[in-house]
Amino acid sequence: MTAQTCPRQHRNNTMDSLALEPSLYTVKAVFILDNDGNRLLSKYYDPELYPSMKEQRSFEKNVFNKTHKADNEIAFLEGMTIVYKSSIDLFFYVVGSAQENELMLMAVLNCLFESLSHILRKNVERRCLLDNMDGVFLVVDEIIDGGVILESDPQQVLEKVNYRADDNPLTEQSVAQHLTEKLALTTTVSLLLLTVSLSQIHTLFLPFACLPCLSHLFLFPPFSVCVSLSLSSL
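Computed from a predicted structure; not experimentally measured.

**Q** Got a sec to walk through the overall build of the protein? Specific residues and values, please.
**A** The secondary structure content of the protein amounts to nine helices and seven strands. By the burial criterion, 37% of the 234 residues in the protein qualify as buried. Residue pairs at least 24 apart in sequence account for 53% of intrachain contacts in the protein once pairs closer than 6 positions are excluded. Approximately 14,500 Å² of the protein is accessible, and the part contributed by carbon and sulfur atoms is 57%.

Written as structure tokens, this is what we have:
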């Protein structure tokens, strides 16, 4: 007789296999706590993981209670793999799934810590961190984007946030410049996607409308520019 698999068992096996598939979304969360377990910075990259502020705070409290007196660098809690590091009155945490490679998470943690150490001029403690939060957020964003690891080399991170160890700490001008570059990149991508979409619309309406009529569909200036570019390329 041929063994038959129960539908529920088959579904569970499928879910398990999906969970083990490699993914670019390595990091689930990053947060920094003080020596009382209070949150100073946190970013959660999985919308299904602790979606409410209350759940996030509860998770962070549980993590802190388990790790702040431990000598290890890795913890497993609530189905998550957590790597952490402490410095004076700060605790740094990087969270991944239960199947995530601890070495990958540790590389992110070390990059974060070393980058912040340069920015804070080796004073990795609560007061200095709070005085340089703009730079801290920039560093985190250069290392991780939406859960994807972008960079694990501290020197590359520092160069991307327009900072050198021999220069002054991040200034308001350098922060503004960095944010402007990020915004320009996002705008460029959005315009490219919009141009493609308008090209598809033009193809759809071509049998039913002449080109001058189609250009009147979008009266807002930015849209009219994209429409003109799309029509001229066809």
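**Q** Provide a residue-level description of the sheet that holds strand 5 (residues 90-97), including the pertinent values.
**A** Ordered in space as 2-1-5-4-3, the five strands form an open sheet in which the pairing is antiparallel. Of all strands in the sheet, those bounded by a partner on one side alone are strand 2 (39-44) and strand 3 (74-77). Strand-to-strand twist across the sheet, computed as the mean angle between neighbouring axes with direction ignored, equals 20°. As paired elements, strand 1 (residues 29-34) and strand 2 share five bridges and run antiparallel to each other. Paired with Val30 across the strands is Lys43, a residue of strand 2. Of the strands in this sheet, strand 1, strand 2, strand 3, strand 4 (80-87) and strand 5 touch helix 2 (residues 53-67), which is tilted by about 115° from strand 2. In this fold helix 3 (residues 102-119) packs onto strand 1, strand 3, strand 4 and strand 5, with an angle of close to 25° to the strand it touches most, strand 4.

**Q** Explain the packing of helix 3 against helix 5 (residues 133-143) residue by residue, including any values.
**A** Following both chains from N to C, one finds helix 3 and helix 5 inclined at 150°, their axes separated by 10 Å at the closest point. One element, helix 3, and the other, helix 5, form an angle in the roughly antiparallel class. In this structure, helix 3 meets helix 5 at a crossing whose hand is right-handed. Counted together, Val108, Cys111, Leu112, Ser115, Leu116 and Ile119 of helix 3 and Gly135, Val136, Val139, Val140 and Ile143 of helix 5 form the full contact between these two elements. Tallied by class, residues from the contact of helix 3 with helix 5 come to nine nonpolar, two polar and no charged.

**Q** Hey, could you go over the side chain of Glu60 for me, with residue numbers and the actual values?
**A** Mapped onto the fold, Glu60 is located in helix 2. Within the local environment of Glu60, its side chain forms a polar contact with the side chain of Tyr44, the two groups lying 2.8 Å apart. Those residues within four positions of Glu60 in sequence are excluded, and the remaining contacts are Phe31, Leu33, Arg39, Ser42 and Tyr44.

**Q** Go over the packing of aromatic side chains with me, naming the residues and quoting the values.
**A** Under the definition given, this model contains eight aromatic pairs. Judged by centre distance (6.4 Å) and plane angle (15°), the rings of Phe31 and Tyr44 are stacked. Of this pair, Phe31 sits in strand 1 while Tyr44 sits in strand 2, and the two are 13 residues apart along the sequence. Of the two residues, Phe31 and Tyr44, both sit in the buried class. In textbook terms, an aromatic cluster arises when at least three aromatic residues are bridged by ring pairs, as seen for Phe31, Tyr44, Tyr50, Phe59, Tyr84 and Tyr93. Over the aromatic face of Phe113 sits the side chain of Lys85, whose NZ or CZ is 5.3 Å from the ring centroid.

**Q** Help me get a handle on the pattern of salt bridges, residues and values and all.
**A** Inspection of the entire model under this criterion finds seven salt bridges. In this structure, the salt-bridge partner of Asp34 is Arg126, at a minimum N-O distance of 3.4 Å. Note that Asp34 is positioned in strand 1 and Arg126 in helix 4 (residues 126-131), a separation of 92 residues in sequence. The class for Asp34 is buried, based on a relative accessible area of 3%. Residue class for Arg126 comes out partly exposed when judged on its relative accessible area of 33%. Of the charged contacts in the structure, one is a salt bridge between Lys160 and Glu151, with a shortest N-O distance of 3.5 Å. With relative accessibility at 38%, the residue Lys160 sits in the partly exposed group.

**Q** Give me the lowdown on unusual backbone geometry, citing residues and values where you can.
**A** Despite not being glycine, Glu78 shows a phi value in the positive range, around 55°. With respect to the helices and strands, Glu78 occurs in the loop between strand 3 and strand 4. In this structure, Arg121 is a non-glycine residue whose phi angle is positive, near 55°.

**Q** So what about the environment of Thr26? Which residues, and what values?
**A** Along the chain, Thr26 turns up in the loop between helix 1 (7-20) and strand 1. Given a relative accessible area of 6%, Thr26 falls into the buried group. Taking C-alpha positions, Thr26 is 10.0 Å from Val108, a pair spaced 82 residues apart along the chain. Those residues in contact with Thr26, other than ones at most four positions away along the chain, are Val95, Gly96, Glu100, Met104, Leu105, Gly147 and Ile149.

Rules used in this analysis
Residues numbered from 1 in each chain as written. Predicted model: local features only at pLDDT ≥ 70, side-chain atom pairs only at ≥ 80, totals over all residues. Heavy atoms only, no water. Helix = DSSP H or I, 4+ residues; strand = E, 2+ residues; numbered from the N terminus. Buried < 20%, exposed > 50% of the residue type's maximum accessible area, 1.4 Å probe, protein only. Contact = heavy atoms within 4.5 Å. Areas by Shrake-Rupley, 256 points an atom, 1.4 Å probe, with all protein chains shown as cover. Pairing = 2+ DSSP bridges. Axes fitted to C-alpha atoms, helices over the stretch in contact; angles between N-to-C directions. Parallel < 35°, antiparallel > 145°, perpendicular 65-115°, else oblique. Left-handed = near helix turned anticlockwise from the far one by under 90°. Nonpolar A, V, L, I, M, F, W, Y, C, P; charged D, E, K, R; others polar. Polar contact = N/O pair within 3.5 Å; in protein donor to acceptor, adjacent residues only side chain to side chain. Phe/Tyr/Trp six-rings, centres within 6.5 Å; stacked < 30°, edge-to-face > 60°. Lys NZ or Arg CZ within 6 Å of the ring centre and 35° of its normal. Salt bridge = Lys/Arg side-chain N within 4 Å of Asp/Glu carboxyl O.

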